[in-house]
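# Overview (structure and organization)
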Amino acid sequence: MTANAFAKTELIAEPAVAPGAARPKGQRRGEAIRELKKRDNSTNFYHIGFVYLVIAAAIGGAVWSYHAVAAAGLEWWWNIPATLVAIVVIGASQHQFGGVIHEGTHFILFENKTLNELTSDWLAAFPIYTSTFHFRLHHLAHHQFINDPVRDPDCAQLHDSGHDLDFPITHFEMLAALGKQLWLPNLFRYTIARARYSALGTVNNPYVDREKRGEKLPTLAGILYAVTAPALVIPLVRSGHGALAFTVLGALTALVVTYFARLDENKLPHAHVETVISHRTTNISRVAYMAILYTALTAIEVGGYGQAWRYFALLWVVPLFTTFPLFMIMRQWVQHGNADRGRYTNSRVFLVNPFIRYAVFPFGMDYHLPHHIYASVPHYKLQGLHELLLQEPEYREKGVVVEGYFNSPHGETEGRNPTVVEVLGEKYAPKNQEDVYVDTSTLEYAKVRNPDAIARENEASIKGK
């Protein structure tokens, strides 16, 4: 890779040392890393709150536009611009929720583990129909076995959905691959595959206890509730049977909650990583979240305050299957595509414009290389981590900074950093495929149930088995 890749980034000063008490460089660096790893129980509420403000503005703006168009007596197609803008912004914000879950997965959303789990689930995971724990199994395996074609769930998921690319690729091939996503079935297929891996879990994940795979019915019960409840309630609301709609929703909710409350935990999938909150509680909580949401939407319609279910379908479900997966694909392809398994060469740093950062690289995913080196550093400290790591010659030499997604902000200036599309090409293709890094620190904050099983996976991954 380019030896001057980080040339444009300034270094930060070494930690202050009292006179006469100089410490070895390695010790100073270790103290700086420990300081960067510190998290609290408040900072991320501000980041999450901003995402909710953006969502509220997008939905509110679109609904206001619909009423303005109707009041002016204009044709329905005048609603298209506002709808498209809302779908893009909301899809980007759903990807931001993915960033929240990502922090929760690493136990760095908040210091308190219970607060970390509950906030990640209720404010981010449940709204996009997943859970933090299931994504944790998917994502921590990705970290530990980065770019391992057998054990990295990201590799398997892209292959299963037909979205893996044969790197290196040209500009044209990248644009053609993105263009194929305009055919919506491709995005639906990606979304379904992603759900199987990060929301439902898969038996081939290295962290899954293959001797306690559990039963399929509990998983199906949650999915059936998510789909069946609206399918039963909406026709009742539309036909003027509001009271019956509430009755049906309440009865269905009580049935599913009772099922999970009485369910033997052994019938649920187990993993080598312990849960913070029990599977039973998480399943009941997810149903409770959907029940609250569905009840609120029904109440708005029955009360005559607006077509809440229609707006939910158009402005939340449609982005969930279109722009949200598109932004995920745009990130997933480039963060590790055309990279190897080396510690300093499995990802990059992405310097992009604010919209691309919000939509494609949420919650510090633009500083993805330092994140993979020290995954326990919160997203709002990753730039500082990057600057600290620049003091390491190997990081400066091997790492790559990418500037701009399709076009460089520096034009064709000689010596500039590559764009996202350029870094996927032949010039930046891996040179040393034998350099294998297994990140054994991934589980730093996790409680491991079976360390021996994971150790065996580490050994097999290093040997390429």
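The following refers to the structure shown.

Assigned secondary structure in the chain consists of 18 helices and two strands. In summary, the chain has a C-alpha radius of gyration of 24 Å against a globular reference of 23 Å for 465 residues, a match within 12%. Taking the principal axes of its C-alpha atoms as reference, the chain extends roughly 75 × 55 × 50 Å. Going through the 465 residues of the chain one by one, you find that 53% of them count as buried. Within the chain, contacts between residues separated by at least 24 positions form 74% of all contacts whose residues are at least 6 apart in sequence. For the chain, the exposed surface amounts to about 21,200 Å²; the carbon and sulfur share of it is 62%.

Looking now at the packing of helix α10 (residues 242-262) against helix α11 (residues 279-302). At their nearest, the axes of α10 and α11 sit 10 Å apart, and the two run at 175° to each other. Of the possible angle classes, the one that applies to α10 and α11 is roughly antiparallel. Judged by residue contacts, Gly-242, Ala-245, Phe-246, Leu-249, Thr-253, Val-256, Val-257, Phe-260 and Ala-261 of α10 engage Arg-280, Asn-283, Ile-284, Val-287, Ala-291, Tyr-294, Thr-295, Thr-298, Ala-299 and Val-302 from α11. The residue makeup of the contact of α10 with α11, split by class, is 13 nonpolar, five polar and one charged.

By rolling a water-sized probe across the atoms, one finds the places where empty space is left. Enumeration over the complete set of coordinates arrives at four cavities of 30 Å³ or more. Estimates place the volume of the largest cavity at around 60 Å³. Considering the residues around the largest cavity, the lining is formed by Ser-131, Phe-133, His-134, Thr-275, Ile-277, Ser-278, His-279, Thr-282, Asn-283 and Arg-286. Counting only elements with at least two residues in the lining of the largest cavity, the list comes to α5 (132-144) and α11. Considering every element that reaches the lining of the largest cavity, the biggest residue donor is α11, with four residues.

The next subject is the environment of Val-352. You can see Val-352 is positioned in the loop between β1 (349-351) and α14 (354-360). Between the C-alpha atoms of Val-352 and Gly-404, which are 52 residues apart in sequence, the distance is 4.8 Å. Apart from the residues within four sequence positions on either side, Val-352 is in contact with Arg-357, Phe-361, Gly-404 and Tyr-405.

So, on to the pattern of salt bridges. For the structure on display, the rule yields 15 salt bridges. For Arg-136, the salt bridge identified is with Glu-117, shortest N-O distance 2.9 Å. Residue Arg-136 is found in helix α5, and its partner Glu-117 is found in helix α4 (residues 113-125); the two are separated by 19 residues along the sequence. Assigned by exposure class, Arg-136 and Glu-117 land together as buried. For Arg-238, the salt bridge goes to Glu-301, with nearest N and O atoms at 2.5 Å.

So, how was this worked out
Every chain is numbered on its own, with residues counted from 1 as its sequence reads. This being a predicted model, a pLDDT of at least 70 is required before a residue's local features are given, and a value of 80 or more before pairs of side-chain atoms are given or counted; all residues contribute to the totals for chains, interfaces and linings. Only hydrogens and water are set aside; all other atoms, that is, all heavy atoms of the structure, feed into the side-chain values. Helical segments are the DSSP runs of H or I of at least four residues, strand segments are the runs of E of at least two, and each set is numbered from the N terminus. Restricting the calculation to C-alpha atoms gives the radius of gyration, and the globule rule supplies 2.2 Å times the number of residues raised to the power 0.38. Each residue gets one of three labels from its accessible area relative to the maximum for its type: buried under 20%, exposed over 50%, partly exposed in between, using a 1.4 Å probe on protein chains only. Whether two residues are in contact is decided by their heavy atoms, any of which lying within 4.5 Å being enough. Computed with the Shrake-Rupley method and a 1.4 Å probe, the accessible areas treat only the protein chains shown as cover for residues. Angular values range over 0 to 180 degrees, each being the angle between N-to-C directions of two axes fitted as lines to C-alpha atoms, with helices fitted over their stretch in contact. Oblique is the label for any angle not under 35 degrees, not over 145, and not in the 65 to 115 range, which are roughly parallel, roughly antiparallel and roughly perpendicular in turn. Asp, Glu, Lys and Arg are counted as charged, while Ala, Val, Leu, Ile, Met, Phe, Trp, Tyr, Cys and Pro are counted as nonpolar; the rest, among them Gly, fall into the polar class. Here a cavity denotes a set of grid points, spaced 1 Å apart and computed over the protein atoms alone, in which a 1.4 Å probe fits but from which it cannot get out, and a pocket denotes an open set meeting protein on both sides within 12 Å along at least five of seven lines; residues with an atom within 4 Å of a point are reported as lining. Grid points are joined across faces, edges and corners, and a volume is the space filled by probe spheres set on the points. Salt bridges are counted wherever a side-chain nitrogen of Lys or Arg sits within 4 Å of a carboxyl oxygen of Asp or Glu.

Keep in mind these numbers describe shape, not what the thing actually does.
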